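Structure at a glance
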Amino acid sequence: MDNALRLQYLDAMGIDVWIPRHLAPSHLELPSVAITSCVETRPESVPVSDDWDTLAAEVAACTRCGLCSTRKNTVFGSGNKNADWLFIGEGPGQHEDEQGLPFVGNAGQLLTEMIRAIGLGREDVFITNIVKCRPPNNRDPHADEVAGCHDYLQRQIALIQPKIILAVGRIAAQTLLGTDAPLSKLRGRVHNVNSIPVIVIYHPAYLLRSLLEKRKAWQDLQFAIKTLQKQ
Ligand code: URA
């Protein structure tokens, strides 16, 4: 991405200061953000033993729902398999379906900048989605599609053992937390899945359309850093 576009993205998020990559989040001086806690745990069972190759092969060959008939590629996820930070989006779009990688379109470029804004790169975090195949015409995933992928995501979480999960956007947040509460009610609180803190952030596709929310997006990231620092 060229620098001008990057600056445009940062500006869209209300970030006017670059944070050098070498500054780990734990070194960042952050303004205080009100923190309220709530616990919305969905107890999950995960296989006793599992490994990435088995899981990736299962996802690649998956026929658990109808999305297998329209997908070009499954989108397993990418990044650091030992990451502290796990970003979970909704599902692949057209570009992701074509490339087999998560968040590679316009929204993905903004997500990359959001990750850079917390002092990390995509290679430092793991990025995946609630569903691993593209819902046609970018519709929301149906309940049976989410259910079909549920155990893949749980197994990814169990293998990565992240210190923090960022639910990217409403669908990811509601699915992960098992609630139909609106995003406005889910932001700014520490949720919990399998004893891992979950922070809900705006979806970058929404931020690209709603620049009024840009400051709140940066607040969410600051809140996530603070939450991780407390772990
Ligand atoms: N939106 C998502 O939620 N996930 C992607 O991978 C791409 C766009």
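Residues numbered from 1 in each chain as written. Predicted model: local features only at pLDDT ≥ 70, side-chain atom pairs only at ≥ 80, totals over all residues. Heavy atoms only, no water.

Overview of the overall build of the chain
- The helix and strand tally for the chain stands at 9 helices and 7 strands.
- Partitioning the contacts of the chain with sequence separation of at least 6, the portion at a separation of at least 24 is 77%.
- Counting only carbon and sulfur atoms, one obtains 50% of the accessible surface of the chain, whose full area is about 10900 Å². (Helix = DSSP H or I, 4+ residues; strand = E, 2+ residues; numbered from the N terminus. Contact = heavy atoms within 4.5 Å. Areas by Shrake-Rupley, 256 points an atom, 1.4 Å probe, with all protein chains shown as cover.)

Quick notes on the site of the ligand
- Neighbouring residues of the ligand: Gly 89, Glu 90, Gly 91, Glu 96, Pro 102, Phe 103, Asn 129 and His 203.
- A distance of 3.0 Å separates a nitrogen atom of the ligand from a polar atom in the backbone of Gly 91.
- Notes on the ligand: free accessible area 240 Å², of which the protein chains cover 91%.
- Its residues assigned to classes, the shell around the ligand shows 2 nonpolar, 4 polar and 2 charged. (Near = heavy atom within 4 Å. Polar contact = N/O pair within 3.5 Å; in protein donor to acceptor, adjacent residues only side chain to side chain. Nonpolar A, V, L, I, M, F, W, Y, C, P; charged D, E, K, R; others polar.)

A few points about helix 6 (residues 170-177)
- Counting buried positions along helix 6 yields 6 of 8 residues, so the element is predominantly enclosed.
- Of all the positions in helix 6, only Ile 171, Ala 172, Ala 173, Gln 174, Leu 176 and Leu 177 are classed as buried.
- Considering only its buried residues, helix 6 is in contact with strand 3 (85-89), helix 5 (143-160), strand 5 (164-168), helix 7 (183-186), strand 6 (189-193) and strand 7 (196-201).
- One or two positions beyond helix 6, positive phi appears at Gly 178, with a value near 60 degrees. (Buried < 20%, exposed > 50% of the residue type's maximum accessible area, 1.4 Å probe, protein only.)

Focus on the nonpolar core
- In this structure, Trp 85, Phe 87, Leu 166 and Leu 176 are the most contacted members of the largest nonpolar core, which totals 57 residues.
- A per-element tally of this core places helix 9 (residues 214-229) first, with 7 residues. (Core = buried A, V, L, I, M, F, W, Y, C linked by side-chain atoms within 4.5 Å.)

Considerations on the pairing of strand 7
- Burial analysis of strand 7 places 6 of its 6 residues in the buried class, which makes it a mostly covered element.
- Both faces of strand 7 are covered, namely the face carrying Ile 196, Val 198 and Val 200 and the face carrying Pro 197, Ile 199 and Ile 201.
- As judged from the 4 bridges shared by strand 5 and strand 7, these two strands associate in the parallel manner. Residue Val 168 lies in a different strand from strand 7, and its bridge partner there is Ile 201.
- The pairing of strand 6 with strand 7 spans 3 bridges and is antiparallel. Residue pairing in the sheet places Asn 192 in a bridge with Pro 197 of strand 7.
- In textbook terms, the turn of a hairpin is the stretch between consecutive antiparallel strands, and for strand 6 and strand 7 this stretch comprises 2 residues, one of which, Asn 194, has a positive phi near 50 degrees. (Pairing = 2+ DSSP bridges.)

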